[in-house]
Each structure stands twice: as structure tokens, then as C-alpha cells.
Amino acid sequence: MESTIVFRSSREIEIGGRPYPTDDVVGIIPTDVGLTIAFRDGSAVSASSSPADFYTLRDMCPWAVGVF
């Protein structure tokens, strides 16, 4: 997994150079190497990240389901 997550603002994250609106995040799944983030349209993207990134994204998207 080469993509990393970048927190651009409270309304946008960037993964692998592509922006995603935080309003569309519906699920956050921690993995062994980072996060898989599910979106409203049914798509998902994986990112290398630290454990703290899960909590940052949960704070930004409290409606999203966090799956362990």
C-alpha cells in the first residue's frame, strides 16, 4: 500500500494525491498497514497511516462507522 492519507481540512482528505470529501465517508476500517475508508457511493480506498489517523478521521466524520 503506497497511498498515504493527508488531512487537508475538516471537509477534505487526500489519499494518493486524490481529494475526497469527508461528507462522503461512511466507514473507517483499520487494517494491519493503515486504513480502508468506505464512501457513500460504495467505493473504498486504502491508505498507509498511523493509528492516530483513525481517531483523527473519526473526529472529522463522527457519523462514519468505525469497524474493528
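Computed from a predicted model, the values in this text were never measured in an experiment.

**Focus: the nonpolar core**
Then step 1. In this structure, Ile5, Ile13, Ile15, Val25, Ile28, Ile37 and Leu57 are the most contacted members of the largest nonpolar core, which totals 16 residues.
Then step 2. When contributions to this core are tallied by element, the ones reaching two or more residues are strand S2 (12-15), strand S4 (25-30), strand S5 (34-39), strand S6 (44-48) and helix H1 (51-60).
Then step 3. Setting aside chain neighbours within four positions, we find Ile15 in contact with Ser3, Thr4, Ile5, Tyr20, Ile37, Val45, Ser46 and Ala47.

**Topic: the sheet that holds strand S3 (residues 18-21)**
Then step 1. Ordered in space as S1-S2-S3, the 3 strands form an open sheet in which the pairing is antiparallel. Two strands bound the open sheet, and with one partner strand each, they are strand S1 (5-9) and S3. Ignoring strand direction, the axes of neighbouring strands in this sheet form an average angle of 30°.
Then step 2. Where S2 and S3 come together, 4 bridges link them in antiparallel fashion. Residue Glu12 lies in a different strand from S3, and its bridge partner there is Pro21.
Then step 3. Packing against the sheet, H1 makes contact with S1 and S2, and its axis sits at approximately 35° to S1.

**Considering the side chain of Thr22**
Then step 1. Within the element layout of this structure, Thr22 appears in the loop between S3 and S4.
Then step 2. Residue classification places Thr22 among the buried positions, given a relative accessible area of 1%.
Then step 3. Ignoring sequence-local partners within four residues, the contact set of Thr22 consists of Ser10, Arg11, Glu12, Ile13, Met60, Cys61 and Trp63.

**What about the sheet that holds S4?**
Then step 1. A sheet is described by the order of its strands in space; here 4 strands give the open sequence S6-S5-S4-S7, paired in mixed fashion. Where the open sheet ends on each side, the last strands, each with one partner, are S6 and strand S7 (65-66).
Then step 2. As paired strands, S5 and S6 are joined by 5 bridges and run antiparallel to one another. Along S6, the bridge assignment pairs Ala38 with Ala44.

**Digging into the packing of aromatic side chains**
Then step 1. Under the definition given, this model contains 2 aromatic pairs.
Then step 2. Each ring, one from Tyr20 and one from Phe39, has its centre 4.8 Å from the other, and the planes form 15°; the classification is stacked. With a gap of 19 residues between them, Tyr20 in strand S3 and Phe39 in strand S5 connect regions that are remote in the sequence. Judged on exposure class, the residue Tyr20 and its partner Phe39 are both buried.
Then step 3. Consider the rings of Phe54 and Tyr55, whose centres lie 5.1 Å apart with planes at 90°: the pair is edge-to-face.

Here is what the cut-offs are and how they apply
- Residues numbered from 1 in each chain as written.
- Predicted model: local features only at pLDDT ≥ 70, side-chain atom pairs only at ≥ 80, totals over all residues.
- Heavy atoms only, no water.
- Core = buried A, V, L, I, M, F, W, Y, C linked by side-chain atoms within 4.5 Å.
- Buried < 20%, exposed > 50% of the residue type's maximum accessible area, 1.4 Å probe, protein only.
- Helix = DSSP H or I, 4+ residues; strand = E, 2+ residues; numbered from the N terminus.
- Contact = heavy atoms within 4.5 Å.
- Pairing = 2+ DSSP bridges.
- Axes fitted to C-alpha atoms, helices over the stretch in contact; angles between N-to-C directions.
- Phe/Tyr/Trp six-rings, centres within 6.5 Å; stacked < 30°, edge-to-face > 60°.

Everything listed here is a matter of coordinates, which is why it stays silent on function.
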